Structures are given as structure tokens and as C-alpha cells.
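# Structural overview
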Amino acid sequence: MVLFQLAMGIIAALLLWGFIKFTFKLMLWVIGITLLISFLIPGAFLFLSGLLFILIGMLATLGLLYVIGAFKG
């Protein structure tokens, strides 16, 4: 049973690390595209930065729920 819990913990850690790595790369792409579009369309920066703020809030909430779920056990 202990080995099963250890294996599940390793799998959860790998999934979490993959999720963090994916979201970090995605955020870099979104920031880059936002800056590029803001040079082309000046009014779009406020709209896109608002969407970016919502995306960061959603990711933070998801991360918080993941941490709470890990301790609920």
C-alpha cells in the first residue's frame, strides 16, 4: 500500500510539473503575442491585458484547489 501511495505521489508530481511547465510556456507566448498586437492595435493592449489577468487568476485558483485537494486526503 505504501508503494502504491508513493507511486501515485510521483505521478501527481510529474503531472503537476508538466502542467506548470506548459502554463509557463503558454504565458510567455501570450505575453509575447499581447505585446506584438499592442504595437499593431494600440487599444487592444487593455483588452488583452484584462484577459491575461483573468487567465492568471484562473490558474492561481486551479493551483490553490490542487493544493487543498492534496491535503484533504
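Here is a short report on the structure shown in this document. (Residues numbered from 1 in each chain as written. Predicted model: local features only at pLDDT ≥ 70, side-chain atom pairs only at ≥ 80, totals over all residues. Heavy atoms only, no water.)

## Let's talk about the overall build of the protein chain
Helix and strand content of the protein chain: two helices and zero strands. Its C-alpha atoms give the protein chain a radius of gyration of 17 Å, more than 25% over the compact-globule value 11 Å for 73 residues. For the protein chain, the spread of C-alpha atoms along the principal axes amounts to about 60 × 20 × 5 Å. Every one of the 73 residues in the protein chain was classed for burial, and the buried ones make up 10%. Looking at the protein chain as shown, the accessible area adds up to about 6,300 Å², and 86% of this sits on carbon and sulfur atoms. (Helix = DSSP H or I, 4+ residues; strand = E, 2+ residues; numbered from the N terminus. Rg over C-alpha atoms; globule rule 2.2 N^0.38 Å. Buried < 20%, exposed > 50% of the residue type's maximum accessible area, 1.4 Å probe, protein only. Areas by Shrake-Rupley, 256 points an atom, 1.4 Å probe, with all protein chains shown as cover.)

## Some remarks on a nonpolar patch on the surface
Taken together, the side chains of Leu-16, Trp-17, Phe-19, Ile-20, Leu-62, Tyr-66, Val-67 and Phe-71 present a nonpolar region at the surface, about 810 Å² in accessible area. Contributing elements (two or more residues each) for the nonpolar patch: α1 (2-40) and α2 (44-72). Along the polypeptide, Leu-62 turns up in helix α2. Classification of Leu-62 by relative accessible area gives partly exposed; the value is 43%. (Patch = residues over 30% accessible without salt bridge, like charges linked within 9 Å, V, L, I, M, F, W, Y side chains within 5 Å. Salt bridge = Lys/Arg side-chain N within 4 Å of Asp/Glu carboxyl O.)

## Quick notes on α2
The first and last C-alpha atoms of α2 sit 42 Å apart over 29 residues, in line with the 42 Å expected at 1.5 Å per residue. Among all positions of α2, only Ala-44, Leu-48 and Leu-52 are buried. For α2, the secondary structure elements touched by its buried residues are α1. (Expected span 1.5 Å × (residues − 1). Contact = heavy atoms within 4.5 Å.)

## Focus: the environment of Leu-14
With respect to the secondary-structure elements, Leu-14 resides in helix α1. Judged by relative accessible area, which is 59%, Leu-14 ranks as exposed. In sequence terms Leu-14 and Leu-51 are 37 residues apart; their C-alpha atoms lie 28 Å from each other.

## Quick word on α1
Each α-helix turn comprises 3.6 residues. Residues three or four places apart therefore point the same way. The end-to-end C-alpha distance of α1 is 57 Å, a good match for the 57 Å that 39 residues give at a rise of 1.5 Å each. For α1, the full list of buried residues reads Thr-23, Met-27, Thr-34 and Ser-38. Turning to α1, the residues buried within the fold contact α2.

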